[in-house]
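# Architecture at a glance
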Amino acid sequence: MRYFPLGVAGHVDHGKTSLVKALTSIDTDRLPEKKRRGMSIDIGFAFLDFPERALRVEVIDLPGHERFIKNAICGLAPVWGLLLVVDAGEGVMPQTVEHLRLAKSFGIEEVLLALTKVDRVDADTVELAKEEALQSLREEGIEVYGVFPVSALTGYGVEGLRVSIGAYAQERLRSREDELFRFFVDSAFSVKGYGTVVRGSCVSGRLREGDRLTLEPLGKVCRVRSMQNHGVFVKEGKAGERLAINIPELEPEEIERGYFLVKGIRSSSRLIVTLEGKAPKGMGFLFLGMREVSFTHAHIQEDIYFLRLSEPVPAVRDDRGPVLSSSGEFIGSYRVLHPMPLRASKKFIRERLGLLLESPEEYLLLERGKRGLSLEELFSFYGRAVQPPRYPKAGNHFYHPELLLSLSQKTVELVSSRGGALPLAELLSKLRVPQELLSLLLEDAKDIRVVEGYVLDTKRANLQELEGYRKLMGLLQEGIKEERELQAYKEHLSLAVRRGVVYSLGDYLYISKAMFEDYVNKLRTLGKEFTLQEAKSLLGLSRKYLIPLLEHMDRLGITRREGERRVFVKWMP
């Protein structure tokens, strides 16, 4: 089954709760105070099942009174669609419009329109209310999926609305189940024999028994023991679903409405956003999900702002929501461009704003610099798994090529300033980079190598300072050696060959330059030419070593083979 959260909004006493009860047979006025006042003061919950669509619509009834605007925002935060309720006799009222604007701030741009209490008015009044409501929706830039005159009292039009709600939800369903898990908490309580139960809306991802979650903004790690959907135990929770989650490690008293349960999403007390509407003077408030957070802001340019929040929030790119003034007045909306900025410099942001808008991964790499960008951070940025960026990688982090070029040049400068050899620890300290990043830098550095805890310029460094190099050359003084005999000095051997003080004879054989020259000098005593047998008798080498030696002399142009003899062409290469 798939789930679609639907908000029911409108002015106080326009019949939202009665309509929800007529649709679902569930009374969302669960609080005694609601009953006593005769109006909804907090969000209420119900559901509509459409078995033929394998769909459950999670219904959230919003309070309509202006004094409970923040409760209405909490109800709108997790929904993906809206049923707007207008009393056919009263028409559009102030809270009707405010609910529309709040819904739009969360990204809802098409709604169902229900004209209620049509049993109390004539057809002309219903038509007038319809035109007025459609005009208000047009002015707010919101489309209408359909208009439904209904009466919760008589049942008129209720079934047609119910069917259309199913179609509306089906058309707007999109896969959020493969996104990272995020859950908006609206209440917590204790159940005897189970412990703490956290209730709320799963807005993205999946949840299974045993999963480990983080409670934000407290940063507490906890584990899911079990969960329910509307009183029925389930093994898995999905995006769009109302859930009651049993988490014994938590205490109800430490959990507030608006807290988050997340998996894989990091929190930050900074955001870069676009603001639509008026920017608040001084301190403002925004809602991330159901959480109200105060902020101060710095203007970057046009409608883009850098926000400093009063507490960390687990935001992701393209999150949206309302902005309130310090007095609690709705003044606009935001959209998140960057949910976890490290650099607060307005100059840095302005100069790279085009990248943040069009190529955010490159922006992140430039912003993080030597820290690098991990896949986990990138997934958290988007709120979902994405393809790894096509940038150089060291360990678990990606780096910008510009940074690598700069660090590579700095490495060469530092090593050169020390005669071609610099202790590795000292270089890492001066560059302030991890060793895995240095290894990435040196992959394309032609003459820079790490040997024996030193970073060497292989052309300039005094190799005699390396103990391994001295031991290698001591072994090669004994004669021609096989590569397997020199495995302990593999790095030093490569340096010696590059420096030209050791020759590779092929067939995995190596000889020092001094020993090679000694053999050539001895062969010169045989005259201008010699045979294989004469060389073997003089040098005392087996054919395994002698033939590669002579062939190397041929390659260097010292000798030339003529039949069974070799003729000296020159003394040394």
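This text follows the structure it describes.
Owing to the predicted nature of the structure, the values given are computational and were not obtained by experimental measurement.

### With respect to the layout of surface pockets
In this structure, the largest pocket spans a volume of roughly 790 Å³. Contributing to the lining of the largest pocket are 31 residues, with F106, R174, R176, D318 and D319 lying nearest its centre. Among the secondary structure elements, those contributing two or more residues to the lining of the largest pocket are helix 6 (158-172), strand 7 (181-191) and strand 8 (195-204). By volume, the second largest pocket amounts to about 430 Å³. Listing elements by their share of the lining of the second largest pocket, those giving two or more residues are strand 2 (44-50), strand 7, strand 8, strand 12 (226-229) and strand 15 (242-246).

### Overview of the sheet that holds strand 30 (residues 502-506)
One key point about sheets: their strands pair by backbone hydrogen bonds, in either a parallel or an antiparallel sense. The strand order across the open sheet formed by three strands is 29-31-30, and the pairing between neighbours is antiparallel. A single partner strand is all that each edge strand has here, and the edge strands are strand 29 (481-482) and strand 30. Bridge analysis of strand 29 against strand 31 (residues 509-512) gives two bridges, and the strand direction is antiparallel. Paired with E482 across the strands is L509, a residue of strand 31. Along the sheet, helix 18 (residues 543-555) makes contact with strand 29, strand 30 and strand 31, crossing strand 30 at roughly 110°.

### Details of the pattern of salt bridges
In this structure the tally under the stated criterion is 35 salt bridges. With its nearest N and O atoms 3.3 Å apart, the salt bridge here joins E159 to R162. In this pair, E159 and R162 are both assigned in helix 6, three residues apart and thus about one turn of the helix distant. For D318, the salt bridge goes to R335, with nearest N and O atoms at 2.5 Å. Taken together, the positions of D318 in the loop between strand 20 (304-313) and strand 21 (320-324) and R335 in strand 22 (residues 330-338) put the pair 17 residues apart, joining distant regions of the chain. If you follow the salt bridges from partner to partner, you end up with E177, R206, R208 and E236 in one network.

Reading guide: rules and limits
- Residues numbered from 1 in each chain as written.
- Predicted model: local features only at pLDDT ≥ 70, side-chain atom pairs only at ≥ 80, totals over all residues.
- Heavy atoms only, no water.
- 1 Å grid on protein atoms, 1.4 Å probe; cavity = no way out; pocket = protein on both sides within 12 Å on 5 of 7 lines; lining within 4 Å.
- Points joined across faces, edges and corners; volume = space filled by probe spheres on them.
- Helix = DSSP H or I, 4+ residues; strand = E, 2+ residues; numbered from the N terminus.
- Pairing = 2+ DSSP bridges.
- Contact = heavy atoms within 4.5 Å.
- Axes fitted to C-alpha atoms, helices over the stretch in contact; angles between N-to-C directions.
- Salt bridge = Lys/Arg side-chain N within 4 Å of Asp/Glu carboxyl O.

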